[in-house]
Amino acid sequence: PEWNDVLTPDDANRLLEVAGGFHDAHVTQMTRAYECGDPWAHTVTLRFESIWSLPVELSFKGIHNMDVDLSTRDGLYNEYLDVGIFFENGLVYWTDDESVTSSDMLTNDVRTVRTMDRKGHISETTETIKHEYVSALSLRWRFILPGRDE
C-alpha cells in the first residue's frame, strides 16, 4: 500500500476519519530505526489494529520526543479511545487524547473529575493527566492489507 503524508491539519483529519479516530485501537507493533550521525533520522513506526478500520501503520521520522510505553498496557485494556494529531513549532504531534491541542497539555493537562457517592453527593477533585505522545518532523501512514506485511 502507498504511504500518505500528513502535512496539514486537513491531512490529519483525513487520517483520523479513515482510521475511525483510532477508536478502540491498540498498538500491535512498534519499531525504531536509527541512522548513525543523524539524530533527526530516528524513525519510529507504530502499527495499530482496531475493529473500526483496516490495520494502520504510522511512521514518524525525525523524532523530537516521545512517551509511548506499551509495557503499561495490559492485554484487556490496552485500547486508545480517540487519538489526536496537531501541529506546533514545525513538528507534528500524535497523542492518545483527541482533546490535547498543544504540547503544554502533554504534561500539564489538569482536569476536574466529578464523582458521586451512594447518597448522591457530588465531589470534585483535580488530577493531572499524563499523555502518551510522539512528536516528530514528519508523519506518514498507510493501511496494512490482510495477508501483506509490507
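This text goes with the structure placed above it.
Conventions adopted
- Residues numbered from 1 in each chain as written.
- Predicted model: local features only at pLDDT ≥ 70, side-chain atom pairs only at ≥ 80, totals over all residues.
- Heavy atoms only, no water.
- Helix = DSSP H or I, 4+ residues; strand = E, 2+ residues; numbered from the N terminus.
- Buried < 20%, exposed > 50% of the residue type's maximum accessible area, 1.4 Å probe, protein only.
- Contact = heavy atoms within 4.5 Å.
- Areas by Shrake-Rupley, 256 points an atom, 1.4 Å probe, with all protein chains shown as cover.
- Polar contact = N/O pair within 3.5 Å; in protein donor to acceptor, adjacent residues only side chain to side chain.
- Salt bridge = Lys/Arg side-chain N within 4 Å of Asp/Glu carboxyl O.
- Pairing = 2+ DSSP bridges.

**Thoughts on the overall build of the protein**
For the protein, the helix and strand inventory stands at two helices and nine strands. Along the protein, helices (α) and strands (β) appear in the sequence β-α-β-β-β-β-β-α-β-β-β when read from the amino end. Projected onto the principal axes, the alpha-carbon positions of the protein cover approximately 60 × 35 × 30 Å. Expressed as a percentage of its 150 residues, the buried residues of the protein come to 37%. Long-range contacts, defined here as pairs at least 24 residues apart, represent 56% of the contacts in the protein between residues at least 6 apart. Split by element, the accessible area of the protein, about 9,200 Å² in all, is 49% carbon and sulfur.

**Section: the side chain of H131**
Locating H131 in the fold gives a position in the loop between β8 (122-129) and β9 (133-143). Within the structure, H131 has its side chain in polar contact with the side chain of D96 (distance 2.9 Å). When near neighbours in sequence (up to four residues on either side) are disregarded, H131 contacts D67, T95, D96, D97, V100, M105, L106, D109 and R111.

**Regarding the pattern of salt bridges**
Under the defined criterion, the tally for this structure stands at four salt bridges. E57 is the partner of R142 in a salt bridge, and the nearest nitrogen-oxygen pair spans 2.8 Å. Linking R142 in strand β9 with E57 in strand β4 (residues 53-67), this pair joins segments that are 85 residues apart in sequence. Where salt bridges share partners, they join R47, E57 and R142 into one cluster.

**Considerations on the pairing of strand β6 (residues 91-95)**
Of all the five residues making up β6, five are buried; the element is thus mostly covered by neighbouring parts of the structure. Alternating positions in β6 separate into two faces, L91, Y93 and T95 on one and V92 and W94 on the other, with burial throughout. In terms of strand pairing, strand β5 (residues 84-88) meets β6 through five bridges, oriented antiparallel. From the neighbouring strand, I85 faces β6, where its bridge partner is W94. Where β5 hands over to β6, the hairpin turn is made up of two residues, of which N89 adopts a positive phi near 50 degrees.

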